[in-house]
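# Summary of structural features
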Amino acid sequence: MDVQGTVEAGFEPVRDAFVRNFERLNERGAAVAVYRDGRKVVDLWAGTRDVAGQGQGQGQGQGDGSADAAPWAVDTAQVVRSATKGVAAAVPLLLHQRGQIDLDAPVGTYWPEFKSAGKERVLVRHVLSHRAGLPVLDRPLTPAEAIDGESGARALAAQRPEWEPGTDHGYHAHTYSWLIAELVRRVTGRSVGRWIAEEIARPLGLDFWVGLPAEEAHRVGLIGPVEEPTAVGGALRLRPKRSVSEAYRDADSLTRRAFGVIEPRPDENDPAYRAAELPASGGISTARALARCYAAMIGPVDGHRLFAPATLTLARTEESAGPDRVLVVATRFGLGFMLHGPAAPLLGPGSFGHPGRGGSLGFADPESGIAMGYVTNGMRKGVTADPRAQALVRAVRSATSSPDEAI
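Below: a short report on this structure. (Residues numbered from 1 in each chain as written. Predicted model: local features only at pLDDT ≥ 70, side-chain atom pairs only at ≥ 80, totals over all residues. Heavy atoms only, no water.)

### With respect to the overall build of the protein
A count of helical and extended segments in the protein gives 13 helices and 16 strands. A compact globule built from 407 residues should have a C-alpha radius of gyration of about 22 Å, and the protein, at 20 Å, falls within 12% of that. In terms of overall dimensions, the protein has a C-alpha envelope of 55 × 45 × 45 Å along the principal axes. The buried share of the protein, taken over its 407 residues, is 59%. Surface exposure of the protein reaches about 16,100 Å², of which carbon and sulfur atoms provide 49%. Charge separation in the protein, taken as the distance between the mean sites of 46 positive and 48 negative side-chain charges, equals 3 Å. (Helix = DSSP H or I, 4+ residues; strand = E, 2+ residues; numbered from the N terminus. Rg over C-alpha atoms; globule rule 2.2 N^0.38 Å. Buried < 20%, exposed > 50% of the residue type's maximum accessible area, 1.4 Å probe, protein only. Areas by Shrake-Rupley, 256 points an atom, 1.4 Å probe, with all protein chains shown as cover. Lys, Arg positive; Asp, Glu negative; His and termini not counted. Charge placed at Lys NZ, Arg CZ, Asp CG, Glu CD.)

### Some remarks on the nonpolar core
If you look at the biggest cluster of nonpolar residues, it comprises 78 residues, and the most contacted ones within it are W178, I200, M297, L306, F307, F337 and F352. Of the residues forming this core, the biggest block, ten residues, is contributed by helix α11 (residues 287–298). Not counting the four nearest positions on each side in its chain, F337 is found in contact with G86, A89, A90, L93, Y294, M297, F307, A315, R332, F352 and G353. (Core = buried A, V, L, I, M, F, W, Y, C linked by side-chain atoms within 4.5 Å. Contact = heavy atoms within 4.5 Å.)

### Examining empty space enclosed by the protein
Under the definition given, this model contains two cavities of 30 Å³ or more. Approximately 60 Å³ is the volume attributed to the largest cavity. Lining the largest cavity are A31, D43, L44, W45, W72, A73, V74, T76, T286, A287 and R288. A class-by-class count of the residues in the lining of the largest cavity yields seven nonpolar, two polar and two charged. Counted as a void, the second largest cavity has a volume near 40 Å³. What lines the second largest cavity is a set of 13 residues, and nearest its centre among them are P355, G359, S360, T384 and D386. Considered class by class, the residues forming the lining of the second largest cavity number five nonpolar, seven polar and one charged. (1 Å grid on protein atoms, 1.4 Å probe; cavity = no way out; pocket = protein on both sides within 12 Å on 5 of 7 lines; lining within 4 Å. Points joined across faces, edges and corners; volume = space filled by probe spheres on them. Nonpolar A, V, L, I, M, F, W, Y, C, P; charged D, E, K, R; others polar.)

### Quick notes on the environment of L327
By secondary structure assignment, the location of L327 is in the loop between β10 (320–323) and β11 (330–333). C-alpha separation for the pair L327 and G10, spaced 317 residues apart in sequence, amounts to 37 Å. In this structure L327 touches Y171, V244, Y248, F259, M338, V383 and T384, once residues within four positions along its chain are discounted.

### Focus on the layout of surface pockets
Empty space within the second largest pocket amounts to approximately 380 Å³. Every residue lining the second largest pocket is counted, 20 residues in all, and those nearest its centre are H174, F259, G260, R265 and R357. Looking at the lining of the second largest pocket, the element that brings in the most residues is helix α9 (residues 254–259), giving three residues. The class makeup of the residues in the lining of the second largest pocket is eight nonpolar, five polar and seven charged.

### Let's talk about helix α2 (residues 84–97)
Since the α-helix advances by 3.6 residues per turn, residues separated by three or four positions end up pointing in the same direction. The first and last C-alpha atoms of α2 sit 20 Å apart over 14 residues, in line with the 20 Å expected at 1.5 Å per residue. The element α2 is largely enclosed, with a buried count of twelve among its 14 residues. Turning to α2, its buried residues are T84, K85, G86, V87, A88, A89, A90, V91, P92, L93, L94 and L95. Positive phi shows up at G99, right after α2, with a value of about 80 degrees. (Expected span 1.5 Å × (residues − 1).)

### Details of the sheet that holds strand β4 (residues 78–79)
Taken in spatial order, the three strands line up as β4-β9-β5 in an open sheet, and their pairing is antiparallel. Of all the strands in the sheet, just β4 and β5 (208–209) have a single pairing partner and so form its edges. Judged from the two bridges that link them, β4 and strand β9 (residues 284–285) form a sheet pairing that is antiparallel. Its bridge partner being in β9, Q78 is matched across the sheet by S285. (Pairing = 2+ DSSP bridges.)

### Here we look at the packing of α2 against helix α7 (residues 192–204)
When two helices pack together, their arrangement is given by the angle between the helix axes and by the axis-to-axis distance. Relative orientation of the contacting elements α2 and α7 amounts to 75 degrees, with a least axis distance of 10 Å. As judged from the angle between their axes, α2 and α7 are roughly perpendicular. Contacts from V87, A88, A90, V91, L94 and L95 of α2 reach α7 at V192, W195, I196 and I200. Of the residues in the contact of α2 with α7, the class split is ten nonpolar, no polar and no charged. (Axes fitted to C-alpha atoms, helices over the stretch in contact; angles between N-to-C directions. Parallel < 35°, antiparallel > 145°, perpendicular 65-115°, else oblique.)

### Quick word on the environment of W178
Residue position: W178 is located in helix α6 (residues 175–188). With relative accessibility at 7%, the residue W178 sits in the buried group. Along the backbone, W178 and L278 are 100 residues apart, and their C-alpha atoms lie at a distance of 7.3 Å. In contact with W178, not counting residues within four places along its chain, are W111, L137, L141, A146, G152, A153, L156, V261, I262 and L278.

Shown next, in the form of C-alpha cells:
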C-alpha cells in the first residue's frame, strides 16, 4: 500500500494500523490525521479517491473509468455523514458562549412556530442531547424536500414528540439537521453552513463544508458500500445483537423510521445533495480538517481556540445515557457530542466527538491533548464503532500511553 503523508516519531503505530485497514478490513480510500496539543503529528492518506477505484474502471464520475482509479490526494475530501454532527454542535455552544442563546430556554423562544403539538417545553439542551422526542416524522420527506431549506423545519414545527421531551433520549439521525439549522437561522439570521464557514472553517483554515461550494466539488470522492470482511484479526466478525437486528428489520420501529426520515434514500454522491446544508449528515471534510477542528475545541491551534473552558465542560458533560430508543444499544451524549462508552469507544473517559454511520470519526480527548479525524469512502453497515476507526483509535492510544498504561 502506497501511503502518503507524514508521521512524527512515536506515532508509527497509527501508520501501521492504517496500512492494516487496507490489507485486512477492505479499506478502499481513506485518510487519518491526529493533532496533539494543537500540533499536527499524523497526516496520512492512501487508496483511491472513489470507492469503486483500485483500477476497476467502472466509470463513476467521468463515465470513462478514469475517475475510479484516481488516487486519494492530499486535499481529497469525503462526505462524513454524522461526523458532521460534532462540528454542527459547536455552533449552538459557541452561540451560548457569546451570550446569543440560552441552552435552557425553550426552542420556541427563538422559533415561535415550534411551540405546538406538545413541544412547548422542548429546550435547546434537549435538542442537542437527543432528548427532544423528535427522531421521526409522521410523513417522510422526499430527497428534494430534505434539501430545500424549508420543508424539514416546517414538518418538525408541526410534529408531535414520540415521548415527553426531556424524559428519555433517542438518536435524532436526520431530524437533527433541520432542528439545528432552523435554530441557528432564527438566532443569527445566517444559515448553519454559512455560520460554520465564516466562524469556524475560515479562521481555522479548515477544508470542511456544510453545503459544498461548486468550485470545491472536484476534490470530493464518491462514497459507497463495501463488503464486510469475514474475519478481523483472526476472529470471526461479531454479529449485531438480535434486538438491534430486529429493530432495523421492523418497518414500524423508531430505528427504521428515524433512519428513513428521507424517502427514498438520497444519493449522497448527487451534487445537489452535497450542496445542501444538512448538519446532521451532509458535511464534507478532510481528516485533517476534522482533527484540527477538534484540536481547536480543546486548546489553541495557531492562535485560534473555539471553546472556552466552561464551554468545553458543557460539551462533554453527560446529558443522556442508557438504552437509546433509536439505536437500541446504550449510548452517552453530552451537548451535541457522543461521549466515550461501549457504543462509541474513543480514547478515554473524558473524550467527546461523533462518528459517522459507515466509518468516519472525529473526536478530542482533553486529558491527553489528542484530536483525531478519520474519513473514508467505503461505507460499512455500522453506526457508531467502525472497526477501521477503532483500530486507529487503539493505535493512537498505544502511541500516547506509557507501557504500563497501554491497552
